[in-house]
Amino acid sequence: GDELRATLRRIDGAGYKAYNDIVGGWNFGQGFTLFVDRIQADPFAPPSRCHLRVPQSVAQFPPELFSSDARRVALADFLTRSFCA
């Protein structure tokens, strides 16, 4: 978390290419890792892409929420929609 914050402060206001410095994994120490997969190359390019990894030991979702493919997809959909809301 602190290393990402420092990097973002360093590149704040720089061009789009500078933001490639944040591509990769960033461990936040509370049991989750933010992965920046791709950075938007310019204002007209596809948006940046990232994902978050949270171990089940931290998330503690009841196992029945991901006990089948359909339930796993439903849980992922719910989390994505909640995150974007």
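In what follows, the accompanying structure is described. (Residues numbered from 1 in each chain as written. Predicted model: local features only at pLDDT ≥ 70, side-chain atom pairs only at ≥ 80, totals over all residues. Heavy atoms only, no water.)

The next subject is the overall build of the protein chain. When helices and strands are tallied, the protein chain shows three helices and three strands. Along its sequence from the N terminus, the protein chain presents helices and strands in the succession α-β-β-β-α-α. With the principal axes as the frame, the protein chain shows a C-alpha extent of 45 × 30 × 20 Å. Sequence separation of at least 24 residues holds for 13% of the intrachain contacts in the protein chain that already meet a minimum separation of 6. For the protein chain, the accessible surface area stands at approximately 6,600 Å², while carbon and sulfur atoms represent 58% of it. (Helix = DSSP H or I, 4+ residues; strand = E, 2+ residues; numbered from the N terminus. Contact = heavy atoms within 4.5 Å. Areas by Shrake-Rupley, 256 points an atom, 1.4 Å probe, with all protein chains shown as cover.)

Sheet topology places strand β1 (residues 24-27) next to strand β2 (residues 33-38); four bridges connect them, and they run antiparallel. Pairing of G24 across the sheet is with V36, part of β2. (Pairing = 2+ DSSP bridges.)

A separate point is a nonpolar patch on the surface. A contiguous nonpolar patch, built from L52, V54 and V58 and spanning about 230 Å² of accessible area, is present on the exposed surface. Looking at the element boundaries, L52 is found in strand β3 (residues 49-53). By relative accessible area, which is 46% here, L52 ends up partly exposed. (Patch = residues over 30% accessible without salt bridge, like charges linked within 9 Å, V, L, I, M, F, W, Y side chains within 5 Å. Salt bridge = Lys/Arg side-chain N within 4 Å of Asp/Glu carboxyl O. Buried < 20%, exposed > 50% of the residue type's maximum accessible area, 1.4 Å probe, protein only.)

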